[in-house]
Amino acid sequence: MSRVVLGIESSCDETGVGLVRLHDDGTVELLADEVASSVEQHARFGGVVPEVASRAHLEAMVPTAQRAFATAGLGLSDVDAIAVTAGPGLAGALLVGVSAAKAYAAALDVPLFGVNHLAGHIAVDTLQHGPLPKPCLALLVSGGHTQLLRVDDIAGGITELGSTVDDAAGEAYDKVARVLGLPYPGGPPIDQAARAGNPSAIAFPRGMTGPRDAKYDFSFSGLKTAVARWVENAERRGEEIPVDDVAASFQEAVADVLTAKAVRAAREEGIGTLVISGGVAANSRLSALARERCAAAGIELRVPRPRLCTDNGAMIAALGAHVVAAGRKPSALDLSANPALPVEIVSIEA
């Protein structure tokens, strides 16, 4: 008999509620995916303000859930299990989602699964492309995380191969956008500007690519600083800043490092499938270069559609469905949020 899983996401500035149906054959069907974003409330600060995000989650949680149930044509009584992001993320923001999930689980007398936000970004691909090959490689690129992950089992077999040692790729986009006078969040406006620019105009550095650097780790702080210094020097000389060329050259440096390391990791690990997810996965140059390099290396590339790449409740519901299908133990009702939850812990068992 199929089961309906409710997913709740509140790790940062999006309140997400998703509903999926877990079928007897293990496939997962998306029924609803509703998101309320507080990004506009943070724009004037140039980044997410935790207290503002927490308040926005509190105000948006119930209305977002109501929209999800209306979209799916379901009622609360149809829910068989609840999954919620227990970490990583902002402590106060996570607390709102975990508290809501506990309330729903207690009221409906259904099992609660506290799951990992990062694993959710991988699991969401199954809603579009079906079951993940075992093993596969995941490149997770977002505002707070840049990681290469080996996935042997989405329900409990994830190993980190490499991660960023400083700024995540998304953070670098936001900071470079500020330098160029582009709006927050920086990803979409830089991507748009880059389309009219020359990616070879400026030779920005490729961080963590030297022979002594960790082969799967990333660093974007130096690149961000290099862009800022280039702009400062040009302004000091009284030159007009070629925003499109700077954006294109910066974006090329990011995409070059991300895709080169991902393809190398897939080859060296003997893995034939690469999944790219997270908010930056929607970047046009990253996806184009990944397709080009994966095709040359004989690697299958899977990238969820843009709406599924950003934070949402569907990804948490999807991960919850896989955890349920694997027979994992539910979490206790005294589940706590863990802002530093490691990616190796896919679900928190009682």
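Let me sum up the structure you'll find in this document. (Residues numbered from 1 in each chain as written. Predicted model: local features only at pLDDT ≥ 70, side-chain atom pairs only at ≥ 80, totals over all residues. Heavy atoms only, no water.)

What follows is about the pairing of strand 4 (residues 81-87). Side-chain positions along a regular strand alternate between the two faces of the sheet. Of all seven residues that make up strand 4, seven are buried, and the element is covered over most of its length. Alignment of strand 1 (residues 3-9) against strand 4, held across four bridges, turns out to be parallel. Looking across to strand 4, one finds that I8 is bridged to V84. Pairing of strand 4 with strand 5 (residues 112-116), which is carried by five bridges, proceeds in the parallel orientation. Looking at the pairing, A83 lines up with F113 of strand 5. In this region the chain leaves strand 4, passes through helix 3 (residues 91-108) and returns to the parallel neighbour strand 5; the handedness of that crossover is right-handed. (Buried < 20%, exposed > 50% of the residue type's maximum accessible area, 1.4 Å probe, protein only. Helix = DSSP H or I, 4+ residues; strand = E, 2+ residues; numbered from the N terminus. Pairing = 2+ DSSP bridges. Right-handed = clockwise from strand over helix to strand, strands pointing away.)

What follows is about the pairing of strand 3 (residues 28-37). Pairing analysis gives nine bridges linking strand 2 (residues 14-22) to strand 3, with the strands arranged antiparallel. Following the sheet pairing, L19 is matched in strand 3 by A32. What sits between strand 2 and strand 3 in their antiparallel hairpin is a turn of five residues, with G26 showing a positive phi close to 90 degrees.

Our focus in this paragraph is the layout of surface pockets. In this structure, the largest pocket spans a volume of roughly 1,100 Å³. D13, S142, G143, G144 and D174 are the residues nearest the centre of the largest pocket, which is lined by 37 residues in total. Elements that contribute at least two residues to the lining of the largest pocket include exactly strand 3, helix 4 (117-123), helix 6 (169-179) and helix 7 (187-194). In terms of residue count, the dominant contributor to the lining of the largest pocket is helix 6 (six residues). Its residues assigned to classes, the lining of the largest pocket shows 12 nonpolar, 16 polar and nine charged. Roughly 270 Å³ of volume is contained in the second largest pocket. Surrounding the second largest pocket, 18 residues form its lining, G26, P131, L132, I154 and H322 being those nearest its centre. Broken down by element, the residue count for the lining of the second largest pocket peaks at three residues, all from strand 7 (residues 146-153). Each residue belonging to the lining of the second largest pocket can be placed in one class, and the counts come to nine nonpolar, five polar and four charged. (1 Å grid on protein atoms, 1.4 Å probe; cavity = no way out; pocket = protein on both sides within 12 Å on 5 of 7 lines; lining within 4 Å. Points joined across faces, edges and corners; volume = space filled by probe spheres on them. Nonpolar A, V, L, I, M, F, W, Y, C, P; charged D, E, K, R; others polar.)

This part is about the packing of aromatic side chains. Each aromatic ring pair is specified by the distance between its two centres and by the angle formed by the two planes. In this structure the tally under the stated criterion is two aromatic pairs. Centre to centre, the rings of Y173 and F250 are 5.0 Å apart; their planes meet at 70 degrees, and the pair counts as edge-to-face. Residue Y173 is found in helix 6, and its partner F250 is found in helix 9 (residues 243-269); the two are separated by 77 residues along the sequence. The class for F250 is buried, based on a relative accessible area of 0%. Seen in terms of ring centroids, F218 and F220 are 6.3 Å apart; in terms of plane orientation they differ by 10 degrees. Their pairing is stacked. Take F218 and F220: they sit in the same class, and that class is buried. Lying over the aromatic face of F218, K261 brings its terminal NZ or CZ to 5.6 Å of the ring centre. (Phe/Tyr/Trp six-rings, centres within 6.5 Å; stacked < 30°, edge-to-face > 60°. Lys NZ or Arg CZ within 6 Å of the ring centre and 35° of its normal.)

This part covers the sheet that holds strand 3. With mixed pairing, the six strands of this open sheet are ordered in space as 3-2-1-4-5-11. With one partner strand each, in any of the chains shown, strand 3 and strand 11 (347-348) form the two edges of the open sheet. Summarising the sheet, strand 1 and strand 2 pair through seven bridges and their orientation is antiparallel. Opposite V4, over in strand 2, you have R21 as the bridge partner.

Counting 47 residues, the largest nonpolar core has L139 and F250 as the members making the most contacts within it. Sort the elements by how many residues they give to this core and helix 9 lands first, with 13 residues. Not counting residues up to four positions away in its chain, the partners in contact with F250 are A172, Y173, V176, I190, F204, L223 and V227. Counting 35 residues, the second-largest nonpolar core is a separate cluster that includes A119, I122, A123 and L132. (Core = buried A, V, L, I, M, F, W, Y, C linked by side-chain atoms within 4.5 Å. Contact = heavy atoms within 4.5 Å.)

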